[in-house]
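Take a look at the letters that make up each chain.
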Amino acid sequence: MEHQEALELWRQSIRQIDEDIVRLASQRMDLALKIGRYKRDQKLPVKDFRVEKTIVEKARKQAATLGLEPDFAERL
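So, a few notes on the structure that sits alongside this text. Numbering of residues starts from 1 in every chain and runs along the sequence as written. Restriction of local features to residues with pLDDT of at least 70 applies here, the model being predicted, together with a cutoff of 80 or more for giving and counting side-chain atom pairs; totals for whole chains, interfaces and linings are based on all residues. No hydrogens and no water enter the side-chain calculation; it runs on all heavy atoms of the structure.

The secondary structure listing takes helices from DSSP runs of H or I that are at least 4 residues long and strands from runs of E that are at least 2 residues long, numbered from the N terminus. Here Asp30 lies in helix H1 (residues 2–41). Between the alpha carbons of Asp30 and Ala73 there is a distance of 20 Å; along the sequence they are 43 residues apart.

Moving on, we come to a nonpolar patch on the surface. What goes into a patch is any residue over 30% in relative accessible area without a salt bridge, connected to like charges within 9 Å or, for nonpolar side chains (Val, Leu, Ile, Met, Phe, Trp, Tyr), within 5 Å. Residue-level accessible areas treat just the shown protein chains as cover; the underlying method is Shrake-Rupley with a 1.4 Å probe. Here, a salt bridge means any side-chain nitrogen of Lys or Arg that lies within 4 Å of a carboxyl oxygen of Asp or Glu. A cluster of nonpolar side chains, Leu66, Leu68, Phe72 and Leu76, forms an exposed patch at the surface whose accessible area comes to about 460 Å². Looking at the element boundaries, Leu68 is found in the loop between helix H2 (49–65) and helix H3 (70–75). To sort residues, take the accessible area from a 1.4 Å probe on protein chains only and compare it with the maximum for the residue type: under 20% means buried, over 50% means exposed, and anything in between is partly exposed. Judged by its relative accessible area of 43%, Leu68 is partly exposed.

We now examine the pattern of salt bridges. Counted according to the given criterion, the structure contains eight salt bridges. Between Glu8 and Arg15 there is a salt bridge, with the nearest N and O atoms lying 2.8 Å from each other. With relative accessibility at 32%, the residue Glu8 sits in the partly exposed group. With relative accessibility at 42%, the residue Arg15 sits in the partly exposed group. Arg40 is the salt-bridge partner of Asp41, the closest N and O atoms lying 3.4 Å from each other. Judged by relative accessible area, Arg40 falls into the exposed class, the value being 53%. Beyond isolated ion pairs, a larger network of salt bridges with shared partners links Arg60, Asp71 and Glu74.

Looking now at the side chain of Lys39. Structurally, the position occupied by Lys39 is in helix H1. Counting rule for charge: Lys and Arg are taken as positive, Asp and Glu as negative, and neither His nor the chain ends is counted. In this structure Lys39 is buried but unpaired, with Asp48 as the nearest side chain of opposite charge at 5.0 Å. At a separation of 3.1 Å, a polar atom in the side chain of Lys39 contacts the main-chain carbonyl oxygen of Val46. Within 3.5 Å is the distance limit for a polar contact, defined as a pair of N or O atoms, with the added protein rule that one can donate a hydrogen and the other accept it, and that residues adjacent in sequence qualify only through two side-chain atoms.

As structure tokens, then:
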């Protein structure tokens with residue numbers, strides 16, 4: 001039964017992480033929408049390719065440091 005208990009604890013941890021990922025994605029989307037509205041109101045370009053490139057590069061580096069595929073982090 002020990003193996004089953006360990007398995008269930010790991011599954012609970014995964015479920016909690018999944019909930020955290022969705023919650024954080026929602027928070028990120030809310031912020032992105034606020035930025036978009038601000039840029040629209042200020043008549044600024046919505047896309048800032050320099051900022052986008054920096055974010056993607058940082059995510060790819062972080063993924064590699066954590067042992068994940070950089071492409072995975074970029075898609076995420």
